[in-house]
Amino acid sequence: MALYHFIYLAAGYSVRFGSNKLLYEIDGVPMYRHVLDRLLEIVREGKTDCDVTVVTQYSEILKDLAERNVPAVINPDPKRGISSSVKTGIEYLMDSGRIRDDDFLIFINADQPGLKKETIAAFVREAGRSGKKLAALAKNGEMYSPCMFHADLVPRLLMLQGDRGGKSILRSNPEEVFLFETEQEEELVDIDTLC
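Residues numbered from 1 in each chain as written. Predicted model: local features only at pLDDT ≥ 70, side-chain atom pairs only at ≥ 80, totals over all residues. Heavy atoms only, no water.

Draft legend 1. Geometry of unusual backbone geometry. Note that the residue after Ser145, namely Pro146, is joined by a cis bond; omega there is 5°. Along the chain, Pro146 falls in strand S8 (residues 142-150). One non-glycine residue, Asp27, adopts positive backbone phi at about 55°. Relative to the elements of secondary structure, Asp27 occurs in the loop between strand S2 (25-26) and strand S3 (29-30). The backbone of Asn69 sits at a positive phi, close to 60°, despite the residue not being glycine. Structurally, Asn69 can be placed in the loop between helix H2 (59-67) and strand S5 (72-74). Judged by its relative accessible area of 69%, Asn69 is exposed. (Helix = DSSP H or I, 4+ residues; strand = E, 2+ residues; numbered from the N terminus. Buried < 20%, exposed > 50% of the residue type's maximum accessible area, 1.4 Å probe, protein only.)

Structure below.
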């Protein structure tokens, strides 16, 4: 049975936001906690074999995660862009021997607080059933986060450079991509500015 590894990307610089948006409170909770707490609920419920690893550069986030026993790894060079966080998360899982041949990696951005637990769980379930090696949340055929990759695509993910995530791999292999459509616009919004 495949394992699904959520790699939660919480290391960005928030340049357009003006401050660390991941710590900005929405309904009294730091932005990064919204989707992370939903992922941890999915893991606890155990309906799908999955785990969570957080990639960050922020001491505040690391302290909170350590207190809650959530696996986290420091991105040593976040200035290299999102590809650095992707590689850091993969290398952490590889070094701990947790990625098996049939597993999947699911990358989720921490600045997408409207993403619902039910949507994430259904995305994982339906993408797993699809038999495809790639998957993305979508609206009208346009791809959004989260994105899922079969373990045999790890070498390609490790070749990413700069501020480019794995969507370039999805776009170059459209026949292998399962799109999980959502009608909920608020689930797809990544928050980049206060206005």
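Draft legend 2. Spotlight on helix H4 (residues 117-130). Taking 1.5 Å per residue, 14 residues should reach 20 Å; H4 reaches 20 Å between its end C-alpha atoms and fits that length. A positive phi of about 80° marks Gly131, the residue just after H4. (Expected span 1.5 Å × (residues − 1).)

Draft legend 3. View of the packing of aromatic side chains. This structure, assessed with the given rule, holds 3 aromatic pairs. Ring plane angle 70° and centroid distance 5.8 Å describe the contact between Phe107 and Phe149, whose orientation is recorded as edge-to-face. Taken together, the positions of Phe107 in strand S6 (residues 104-109) and Phe149 in strand S8 put the pair 42 residues apart, joining distant regions of the chain. A relative accessible area of 6% places Phe107 in the buried class. Classification of Phe149 as buried rests on a relative accessible area of 1%. (Phe/Tyr/Trp six-rings, centres within 6.5 Å; stacked < 30°, edge-to-face > 60°.)

Draft legend 4. Local environment of the nonpolar core. Of all hydrophobic cores here, the largest spans 35 residues; its most connected members are Phe6, Tyr8 and Ile108. Sorting the residues of this core by element identifies strand S1 (4-10), helix H1 (31-45), strand S4 (50-56), H2, S6, H4, strand S7 (134-139) and S8 as the ones contributing at least two each. The element best represented in this core is H1, accounting for 6 residues. Grouped together as the second largest cluster of nonpolar side chains are 21 residues, Leu105, Ala136, Leu157 and Leu160 included. (Core = buried A, V, L, I, M, F, W, Y, C linked by side-chain atoms within 4.5 Å.)

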